[in-house]
Amino acid sequence: MTRTLWNDLTLAPLITAKGLGLVEDAAIAVADERIAFAGRASDLPSDWRDVAPESLGGRLVTPAMIDCHTHLVHGGDRAREFEMRLEGASYEAIARAGGGIVSSVRATRELGVEGLVRTALPRLDALLLEGVSTVEIKSGYGLEIETELNMLRAARRLERVRPVRVRTSWLAAHATPAEYKGRNADYIRDVVLPGMERGAAEGLIDAVDGFCEGIAFSPAEIAEVFDKAKALGLPVKLHAEQLSNLGGARLAASHGALSADHLEYLDADGVAAMAQAGTVAVLLPGAFYAIRETKVPPLAALRAAGVPMAVATDCNPGTSPLTSLLLAMNMAATLFGMTVAECLAGTTREAARALGLESETGAIEVGKSADLAVWNVRSPAELVYRFGFNPLHARIFRGARTLNP
Ligand code: DI6
Ligand code: FE
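Residues numbered from 1 in each chain as written. Chains lettered and ligands numbered in written order. Predicted model: local features only at pLDDT ≥ 70, side-chain atom pairs only at ≥ 80, totals over all residues. Heavy atoms only, no water.

Colleague: Tell me about the sheet that holds strand S7 (residues 165–173), and please be specific about residues and values.
Modeller: Here we have 8 strands laid out as an open sheet, ordered S5-S6-S7-S8-S9-S10-S11-S12, and parallel in their pairing. Every interior strand has two partners, whereas the edge strands, strand S5 (65–67) and strand S12 (309–311), have only one. This sheet shows a mean twist of 25 degrees between the axes of neighbouring strands, independent of strand direction. Here strand S8 (residues 207–212) runs beside strand S9 (residues 237–240); their pairing, made up of 2 bridges, is parallel. In the strand pairing of S9, Phe211 is matched with His239. Of the strands in this sheet, S5, strand S6 (132–138), strand S11 (280–283) and S12 touch helix H12 (residues 325–336), which is tilted by about 80 degrees from S5. (Pairing = 2+ DSSP bridges. Helix = DSSP H or I, 4+ residues; strand = E, 2+ residues; numbered from the N terminus. Axes fitted to C-alpha atoms, helices over the stretch in contact; angles between N-to-C directions. Contact = heavy atoms within 4.5 Å.)

Here it is, written out as structure tokens:
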């Protein structure tokens, strides 16, 4: 058994919903890949007293971070489209010039699994260098069965080439491809449902996602996708209430969804349904910022109802080309009014819950995977306060130090 002991640290274990649970003069003991002790150094069990500790110099240790909503695997970028918008081009003009989501679909279809892995790696590495241990990755830029499956094969491959835990989501119901324009029902029948079945049989799908929006899929269409997920024993989640209120969060909650994500247009009804179902609200301030949205998610109502809140990057080429979870926390605080404790819980414990991983990671607690981030800061607020600065000192994944991915 490998035994590792760290001391001279400030611990932010994030075990309960009541704040960070800061412990000064703390120690963390790890046996193989699991946390064996975390608490005041003076309370260290006697059987650890013969292990030579490594001092962390008074640094803050939090759970390693978790990015619970990304579209990290995709082809190409939309920098030119960004430029056109800054030059005053309309959405229609961009679409006519071949821009928008269809351009990402084209670029994604051109890449095989290898190409998808190669182009995703710099984005993944950026996250890992900020102390991320776990990343959710969606399909949704293939919109045909083989490319959708390739996106998830690439996501699984990333887990083998980097020290990271990956959870995959089947998001074929992200947009309607050009060849099915105006025929959502046919697209769901021909691609979304049979592709899900194949992906499940190959073990490629950890959860099923959809985009419930006027420009994407209706609640009735999403319900059909969720019914298939249920038949296959897969948990669900949903992009809901991002641009308008279609009652997507309520629909997701009624299917026992792990999370409902975005939620700028969420109403009281949706909040209540999520609270009752224990569905996590995943807030995505990068997309809010990039599309210059002005309506903020109903933070006070979510808080009052006790809905768990997570924060993620939504890393995607169109509306959130963001690969920094630290910046996402700062945005969640400054743009949405989340507290420091909410931001940190939102990228650790609650993000784990949004992925169904709450018993495995996301808090520094005996028995959990030893996934830790050691920071060159002394107070948690520093992690949320700065932006464009990375104070990571060390990243520990399953008990092993892996600062450089
Ligand atoms: N919500 C979004 O903001 C993106 N997808 C989604 O479900 C937009 C996707 C894109 O423009 O590439
Ligand atoms: Fe998204």
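The rest of the description comes next.
Colleague: Tell me about helix H4 (residues 113–128), residues and numbers included.
Modeller: With 16 residues, H4 ought to run about 22 Å at 1.5 Å a step, and its terminal C-alpha atoms sit 21 Å apart, in line with that. Its axis deflected by about 35 degrees at Leu121, H4 carries its strongest bend there, up to four residues before the proline Pro122. Those residues of H4 that fall on the buried side of the exposure criterion are Val113, Gly115, Leu116, Val117, Ala120, Leu121, Arg123, Leu124, Asp125, Leu127 and Leu128. Contact partners of the buried residues in H4: S5, helix H3 (101–109), S6, helix H5 (145–161), H12 and strand S14 (392–397). (Expected span 1.5 Å × (residues − 1). Bend = angle between axes of the 7 residues up to and from the residue. Buried < 20%, exposed > 50% of the residue type's maximum accessible area, 1.4 Å probe, protein only.)

Colleague: Report on the site of ligand 1, specifying residues and quantitative values.
Modeller: In the vicinity of ligand 1, the contacting residues are Arg78, Ile101, Tyr141, His174, Phe211, His239, Gln242, His262, Gly318 and Thr319. Within the side chain of Arg78, one N or O atom sits 2.8 Å away from an oxygen atom of ligand 1. Tyr141 is positioned with one of its side-chain polar atoms (N or O) 2.6 Å from an oxygen atom of ligand 1. Here ligand 1, which alone exposes 320 Å², has 93% of that area covered by the protein. Considered class by class, the residues forming the shell around ligand 1 number 3 nonpolar, 6 polar and 1 charged. (Near = heavy atom within 4 Å. Polar contact = N/O pair within 3.5 Å; in protein donor to acceptor, adjacent residues only side chain to side chain. Areas by Shrake-Rupley, 256 points an atom, 1.4 Å probe, with all protein chains shown as cover. Nonpolar A, V, L, I, M, F, W, Y, C, P; charged D, E, K, R; others polar.)

Colleague: Give me the coordination of the iron ion (ligand 2): which residues, what numbers.
Modeller: Protein ligation of the iron ion (ligand 2) involves His69 (NE2), His71 (NE2), His239 (NE2) and Asp314 (OD), the donor distances falling in the range 2.1 to 2.3 Å. Angles of 81 to 165 degrees at the metal separate the 4 donor atoms of the iron ion (ligand 2), which places the site in the irregular class. For the iron ion (ligand 2), all donor residues lie on one chain, and their spacing in sequence is H-x1-H-x167-H-x74-D. With His71 in the loop between S5 and helix H1 (79–86) and Asp314 in the loop between S12 and H12, the pair connects residues that are 243 residues apart, well separated along the chain. Judged by its relative accessible area of 1%, Asp314 falls in the buried class. (Donors = N, O, S within 2.8 Å, 3.2 Å for Na, K, Ca; no water. Tetrahedral: all angles 85-135°; square planar, octahedral: opposite > 155°, others 65-115°.)

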